[in-house]
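# Close look at the chain arrangement
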Amino acid sequence: MIQQLRAMHGSPILEEADRLMTVCNSCRYCEGLCAVFPAMEMRRAFSDGDLNFLANLCHACGACYTDCQFSPPHEFNVNVPKTLAALRAESWAACAWPRALSGLFVRNGVAISIIAALSVAAFIFGFAAFIDPQVLLGVHTGPGAFYTLMPHNAMAALFGAAFLYAIFALAMGLRAFWRGLGGPSGTLPDPPSLWQAIRDAGQLRYLDGGGGGCFNEDERPTDRRRIYHHLTFYGFLLCFASTCVATLYHYLLGREAPYAWWDLPVVLGTLGGIGLVIGTTGLFAEKSKRDAALIDANSTGMDAAFTLMLFLTGLTGLTLLVWRETSAMGPLLALHLGVVFALFITLPYGKFVHGLYRYAALVRYAREQRAMTK
Ligand code: SF4
Ligand code: SF4
């Protein structure tokens, strides 16, 4: 009977997710753990869009694996976190813009590593080729010091283009994802759902395993993954805010970087860089201990590549800050710019998209919950 209710799907991962959600919908033991199970219970059968919605709603806390009486070695072989992790990665690749680059999600670790290495090499060789060695290795201080090495307009044009490309590609991917979910087009005029999703995402509400914490290496829940994720996420936002404030300083106030230690862009960037370094280091440590049963092995490279790019962004930024008034400033600036440029252009083709698509899934969940209570 269950078999008859199940729809046909376009991939083995979707088929497996459908099987698991059908089992879980009969069991419902985990309905208090997160948003996935209440959303699942609103459905009798699961389309591809429904399954991608549920997969991106999952925060991989591991609680439903630890609590499940049907997890391996039971013959039902129920492993929701691992299956939904694999399906998330598949859904991201399917939404990539342009579609020709969806392959970057496969073997993502190798792809990001090559792009990052090429970007860093291009900046280092570019600096070495176009800048007089005495200038490159000289000591530069005061407003405009960075621009003796790379003109501000060239920097703004290069990074502005990379950033706009990333924003456009991410927006197109998000649009495809939302449409794939069967999401209604009238969501934007629905501020309560948008606000609820911002709160849920900002708190990582569903990474708490139903209240006790995240299950990682054993059956003792902790909040470590949530704390490290918060440090990484808010560190990234602070770095972005630092860049925005510095841009306003430059164009509105006519004040050129580098700024003093106590100035707002440096304070924001320093706090953000520290958050990125500590947060990503913690995430690496947690990942290294994580129960292999919870991990989708095909996504390991993508997770590691994105976390490493954020770590390098924070580390090279802080290193540049510390040694910016020495002869090491030129090489350190080339290194930092190379890492940040690679981060920008790879944002639409790696783990970064999980934030956007999870937010979209949370918006849809908030809409469904509000519709139920009306
Ligand atoms: S994960 Fe296991 S215990 Fe939880 S709802 Fe599904 S079948 Fe039931
Ligand atoms: S968020 Fe946690 S409890 Fe919910 S489906 Fe994902 S792993 Fe299971």
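Conventions used here
- Residues numbered from 1 in each chain as written.
- Chains lettered and ligands numbered in written order.
- Predicted model: local features only at pLDDT ≥ 70, side-chain atom pairs only at ≥ 80, totals over all residues.
- Heavy atoms only, no water.
- Domains from an automatic or database assignment.
- Contact = heavy atoms within 4.5 Å.
- Buried area = accessible area lost by both parts, 1.4 Å probe.
- Salt bridge = Lys/Arg side-chain N within 4 Å of Asp/Glu carboxyl O.
- Polar contact = N/O pair within 3.5 Å; in protein donor to acceptor, adjacent residues only side chain to side chain.
- Helix = DSSP H or I, 4+ residues; strand = E, 2+ residues; numbered from the N terminus.
- Nonpolar A, V, L, I, M, F, W, Y, C, P; charged D, E, K, R; others polar.
- Axes fitted to C-alpha atoms, helices over the stretch in contact; angles between N-to-C directions.
- Left-handed = near helix turned anticlockwise from the far one by under 90°.
- Buried < 20%, exposed > 50% of the residue type's maximum accessible area, 1.4 Å probe, protein only.
- Near = heavy atom within 4 Å.
- Disulfide = S-S within 2.5 Å.

What follows covers the domain arrangement of the protein chain. For the protein chain, the assigned domains are domain 1 (2-94) and domain 2 (99-373). The distance between the C-alpha centroids of domain 1 and domain 2 comes to 29 Å. Domain 1 puts 33 residues into the contact, and the matching count from domain 2 is 36 residues. Roughly 2900 Å² is buried in total at the junction of domain 1 and domain 2, and carbon and sulfur atoms are behind 66% of that figure. At the boundary of domain 1 and domain 2, one finds one salt bridge. With its nearest N and O atoms 2.5 Å apart, the salt bridge here joins arginine 43 to glutamate 368. Counting across the interface, domain 1 meets domain 2 through nine residue pairs in polar contact (both at pLDDT 80 or more). Going through the elements one at a time, helix 3 (36-41), helix 4 (48-57), helix 5 (63-66) and helix 6 (80-94) are the ones with two or more residues in the side of domain 1 that touches domain 2. With 10 residues, helix 6 is the single largest residue contributor to the side of domain 1 that touches domain 2. Residue classes in the side of domain 1 that touches domain 2 are distributed as 20 nonpolar, nine polar and four charged.

The next point concerns the packing of helix 9 (residues 152-180) against helix 15 (residues 353-373). The interhelical angle for the contact between helix 9 and helix 15, taken along N-to-C directions, is 35 degrees, at an axis separation of 10 Å. The handedness of the crossing between helix 9 and helix 15 is right-handed. Between helix 9, through Leu170, Gly173, Leu174, Phe177 and Trp178, and helix 15, the contact on the second element is made entirely by Val353, Leu356, Tyr357, Ala360, Val363 and Arg364. Grouping the amino acids of the contact of helix 9 with helix 15 by side-chain chemistry returns nine nonpolar, one polar and one charged.

Moving on to the pattern of salt bridges. Under the criterion given, the structure shown has 15 salt bridges. The residue lysine 351 makes a salt bridge to aspartate 303 at a minimum N-O spacing of 3.3 Å. Residue lysine 351 is found in the loop between helix 14 (329-346) and helix 15, and its partner aspartate 303 is found in helix 13 (residues 300-322); the two are separated by 48 residues along the sequence. Owing to a relative accessible area of 13%, aspartate 303 belongs among the buried residues under this scheme. Residues joined in a network through salt bridges with shared partners are Arg43, Asp50, Arg364 and Glu368.

The next thing to look at is the environment of glycine 269. The topology assignment puts glycine 269 in helix 12 (residues 264-289). Between the alpha carbons of glycine 269 and methionine 150 there is a distance of 20 Å; along the sequence they are 119 residues apart. With residues near it in sequence (within four places) discarded, glycine 269 still touches Leu238, Cys239 and Ser242.

So, on to the site of ligand 1. Contacts to ligand 1 come from Cys24, Cys27, Arg28, Tyr29, Cys30, Phe37, Cys64, Cys68, Gln69, Phe70 and Val78. In terms of residue class, the shell around ligand 1 is built from nine nonpolar, one polar and one charged.

On to the state of the cysteines. If you walk through the whole model with that rule in mind, you get zero disulfides. Take cysteine 244: it sits in no disulfide, and the sulfur closest to it among the cysteines is that of cysteine 239, at 11 Å.

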